[in-house]
Amino acid sequence: MKRTPHLLAIQSHVVFGHAGNSASVFPMQRVGVNVWPLNTVQFSNHTQYGQWTGDVLASEQIPALVEGIAAIGELGNCDAVLSGYLGSAAQGRAILAGVTRIKACNPKAIYLCDPVMGHPEKGCIVAPEVSDFLLEEAACVADIMCPNQLELDSFSGRKAQSLLDCLAMARSLLARGPKAVLVKHLAYPGKPQDSFEMLLVTADGSWHLRRPLLAFPRQPVGVGDLTSGLFLARVLLGDSLVAALEFTAAAVHEVLLETQACASYELELVRAQDRIVHPRVRFEAVPITL
Ligand SMILES: Nc1ncnc2c1ncn2[C@@H]1O[C@H](COP(=O)(O)OP(=O)(O)O)[C@@H](O)[C@H]1O
Ligand SMILES: Cc1ncc(COP(=O)(O)O)c(C=O)c1O
Ligand SMILES: [Mg+2]
């Protein structure tokens, strides 16, 4: 029997609704991965409500929890680390130390970093020091980086001018060390208005994927976290990076269709759970040849 992969997921937890681990743990479990959730913050709700209560986890807790798992002899079973929303740069550094510790036990372990940087206009609030940490420290350690366009722009220090420019920017992020860059959401002048686009860049090639852009009165939150979690889960289950991208796009689209049908602001993950595992749609990742 094939072994069930184990994944340490280090990101936010919200009591109400879905963002961070609260958007991705259940879907990752549903597709067949054992998830070890380590919550960087516990907030009442995601920050785009404009108000929340709760606390940031003390950064010393991250090595303490990792050591606790090592002490029971389980750390070598960790196949991947995922990091997302960080409460502080100190937490980020503790995660990088944890990744080093895990790779010492299991050299095949993969580290996927979703560089959640905040989006003041959207109301996603992240401490400014976290962006510097992601730009300067995390990018050289991660095996896979999953920025959105705003985050890709921050890595490049400018705004993308075209799809080819997005590709060039993703390639320069790749040159900092990761083996793959997944741009979860592209934005560039001239992009068709009715499409939601993603880009995957590796040393072997580049792939572009389009899916329909759905209309929402208020953009749902947690879509990026759901995307990076499902992508990593499928890679651990044995998909190629391209197959993992195609699966993820289809599964996330199913969640958004259900969310739209329910006129819900929060992602309808429970209602969409069967379709996360067996999406009815398929979107093709098309190689970009230059
Ligand atoms: N098919 C879709 N139709 C409409 N909106 C979408 C679709 N897929 C994702 N979104 C929205 O696009 C945005 C993606 O946000 P972005 O900042 O690029 O990434 P992230 O989710 O990581 O913050 C989110 O507001 C999400 O709700
Ligand atoms: C607590 C928390 N975690 C994570 C996120 C990131 O969500 P998304 O997947 O939309 O990038 C947000 C966005 O506001 C948030 O408030
Ligand atoms: Mg995000």
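Scoring rules and cut-offs
- Residues numbered from 1 in each chain as written.
- Chains lettered and ligands numbered in written order.
- Predicted model: local features only at pLDDT ≥ 70, side-chain atom pairs only at ≥ 80, totals over all residues.
- Heavy atoms only, no water.
- Buried < 20%, exposed > 50% of the residue type's maximum accessible area, 1.4 Å probe, protein only.
- Helix = DSSP H or I, 4+ residues; strand = E, 2+ residues; numbered from the N terminus.
- Contact = heavy atoms within 4.5 Å.
- Polar contact = N/O pair within 3.5 Å; in protein donor to acceptor, adjacent residues only side chain to side chain.
- Near = heavy atom within 4 Å.
- Areas by Shrake-Rupley, 256 points an atom, 1.4 Å probe, with all protein chains shown as cover.
- Nonpolar A, V, L, I, M, F, W, Y, C, P; charged D, E, K, R; others polar.
- Pairing = 2+ DSSP bridges.
- Axes fitted to C-alpha atoms, helices over the stretch in contact; angles between N-to-C directions.
- Core = buried A, V, L, I, M, F, W, Y, C linked by side-chain atoms within 4.5 Å.
- UniProt positions renumbered as here; feature names shortened; annotations may be inferred.

Every buried residue of helix 5 (residues 149-156) is accounted for by Q149, E151, L152, D153 and F155. Turning to helix 5, the residues buried within the fold contact helix 4 (128-138), strand 6 (144-145), helix 6 (163-174) and strand 7 (180-183). Sitting at the head of helix 5, N148 places a side-chain oxygen 3.2 Å from the backbone nitrogen of L150.

The next thing to look at is the site of ligand 2. Around ligand 2, the surrounding shell holds 14 residues, and the nearest of these are S12, T47, Q48, G222 and D225. Measuring from an oxygen atom of ligand 2, one finds a backbone N or O atom of T47 at 2.8 Å. In the complex, 95% of the free accessible area of ligand 2, which totals 390 Å², lies under the protein chains. Its residues assigned to classes, the shell around ligand 2 shows six nonpolar, seven polar and one charged.

The next thing to look at is the site of ligand 1. Not every one of the 15 residues close to ligand 1 is listed here, only the nearest: K122, H185, R211, L214 and P220. Within the side chain of N148, a nitrogen or oxygen atom sits 3.0 Å from an oxygen atom of ligand 1. Within the backbone of G224, an N or O atom sits 2.9 Å from an oxygen atom of ligand 1. In isolation ligand 1 exposes 560 Å². Once the protein is present, 89% of that is buried. Breaking the shell around ligand 1 down by element, the ones donating at least two residues are strand 9 (205-212) and helix 7 (223-236).

Attention shifts here to the sheet that holds strand 1 (residues 6-14). Strand order in the open sheet formed by 10 strands is 3-2-1-4-5-6-7-8-9-10, and the pairing between neighbours is mixed. Lying at the two open borders of the sheet, with one neighbouring strand each, are strand 3 (54-56) and strand 10 (286-287). Where strand 1 and strand 2 (residues 34-43) come together, eight bridges link them in parallel fashion. Considered in strand 2, the bridge of A9 is made with P37. Contacts from helix 1 (residues 21-31) reach strand 1, strand 2 and strand 4 (80-83) within the one sheet, and its direction differs from that of strand 1 by about 145°.

Ranked by internal contacts, the top residues of the largest apolar core, which has 52 residues, are L8, V81, Y111, L134 and L199. For L199, the residues in contact, after removing those within four places along its chain, are C166, L167, A170, V181, L182, V183, L186, W207 and I288.

Another aspect to go through is unusual backbone geometry. Residues other than glycine seldom take positive phi values, yet A263 does so here, at roughly 50°. Within the element layout of this structure, A263 appears in the loop between helix 8 (241-261) and helix 9 (273-277). A relative accessible area of 72% means that A263 is categorised as exposed.

Once that is clear, we can look at the UniProt feature "binding site: substrate" (unreviewed entry) in the protein. UniProt marks S12, T47, Q48 and D225 with the feature "binding site: substrate" (unreviewed entry), using the numbering shown here. These annotated residues cover 214 residues of sequence, but their C-alpha atoms sit close together, with the largest distance between any two at 14.4 Å. Mapped onto the fold, T47 is located in the loop between strand 2 and strand 3. What makes T47 buried here is its relative accessible area of 6%. Relative to the elements of secondary structure, D225 occurs in helix 7. Excluding its chain neighbours within four sequence positions, the residues that come into contact with D225 are Q11, A19, G20, A23, S24, D114 and V116.

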